[in-house]
Amino acid sequence: MLTDIFSPVKKRKRGRKAKDEFDALTHIIDKSAPREHQGEREIYYYNYKMMAQYRGPLLQLLETLAQTGRQKTEPDAHARELFIKLKAFYDIKDRLSMSEAVEDINLKKRFRDLFRFFYGRKDLSGDTIRDWLTQI
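Residues numbered from 1 in each chain as written. Predicted model: local features only at pLDDT ≥ 70, side-chain atom pairs only at ≥ 80, totals over all residues. Heavy atoms only, no water.

1. Digging into the pattern of salt bridges
Phase 1 of the analysis: This model, assessed by the stated rule, comprises eleven salt bridges.
Phase 2 of the analysis: Within this structure, Arg70, Glu74 and Glu81 form a network of salt bridges that share partners. (Salt bridge = Lys/Arg side-chain N within 4 Å of Asp/Glu carboxyl O.)

Pasting the structure below:
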């Protein structure tokens, strides 16, 4: 069998099959999320799938984060939904009321970081976040 040594040989990329719903969502998210924050997404979010109590809230948060089209068309409603899912994820025992969560400095910081890690938005002002959160 003769082969042409000048013909372009390309390896076909084999698609990795998702092991579970988390892998499918992280693949969708990582296609559009900034690559420089991959490590932060792994540390602060993706690794929590190993803990049983965090699996449900994390899955809901990742499903909301995967809705990149909605983030562009309805940014205010999407941001409010993200905050509610973020509160459910980080306040797993539901110790904070929604009004306390809106005032919590650490949760606001995580909310701002969420936009930076997943959407690459570094331009969020305190006023913008305050406007989104007052409508919850």
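There is more to say after this.
2. Comments concerning the packing of helix H5 (residues 75–90) against helix H7 (residues 105–119)
Phase 1 of the analysis: The N-to-C vectors of H5 and H7 enclose an angle of 115°; their axes lie 10 Å apart at closest approach. Where H5 crosses over H7, the two elements pack in a sense that is right-handed. Contact residues: His78, Ala79, Leu82, Phe83, Leu86, Lys87 and Tyr90 in H5; Leu107, Arg110, Phe111, Leu114, Phe115 and Tyr119 in H7.
Phase 2 of the analysis: For the contact of H5 with H7, the class distribution of residues is ten nonpolar, one polar and two charged. (Axes fitted to C-alpha atoms, helices over the stretch in contact; angles between N-to-C directions. Helix = DSSP H or I, 4+ residues; strand = E, 2+ residues; numbered from the N terminus. Left-handed = near helix turned anticlockwise from the far one by under 90°. Contact = heavy atoms within 4.5 Å. Nonpolar A, V, L, I, M, F, W, Y, C, P; charged D, E, K, R; others polar.)

3. A look at the nonpolar core
Phase 1 of the analysis: Grouped together as the largest cluster of nonpolar side chains are 31 residues, with contacts concentrated most on Tyr45, Leu65 and Phe111.
Phase 2 of the analysis: Sorting the residues of this core by element identifies helix H1 (21–32), helix H3 (52–65), H5, helix H6 (98–103), H7 and helix H8 (126–134) as the ones contributing at least two each.
Phase 3 of the analysis: At seven residues, H7 tops the list of elements feeding residues into this core.
Phase 4 of the analysis: If sequence neighbours within four positions are ignored, tyrosine 45 has contacts with Glu40, Leu58, Leu61, Leu86, Phe89, Tyr90, Arg110, Leu114, Phe117 and Phe118. (Core = buried A, V, L, I, M, F, W, Y, C linked by side-chain atoms within 4.5 Å. Buried < 20%, exposed > 50% of the residue type's maximum accessible area, 1.4 Å probe, protein only.)

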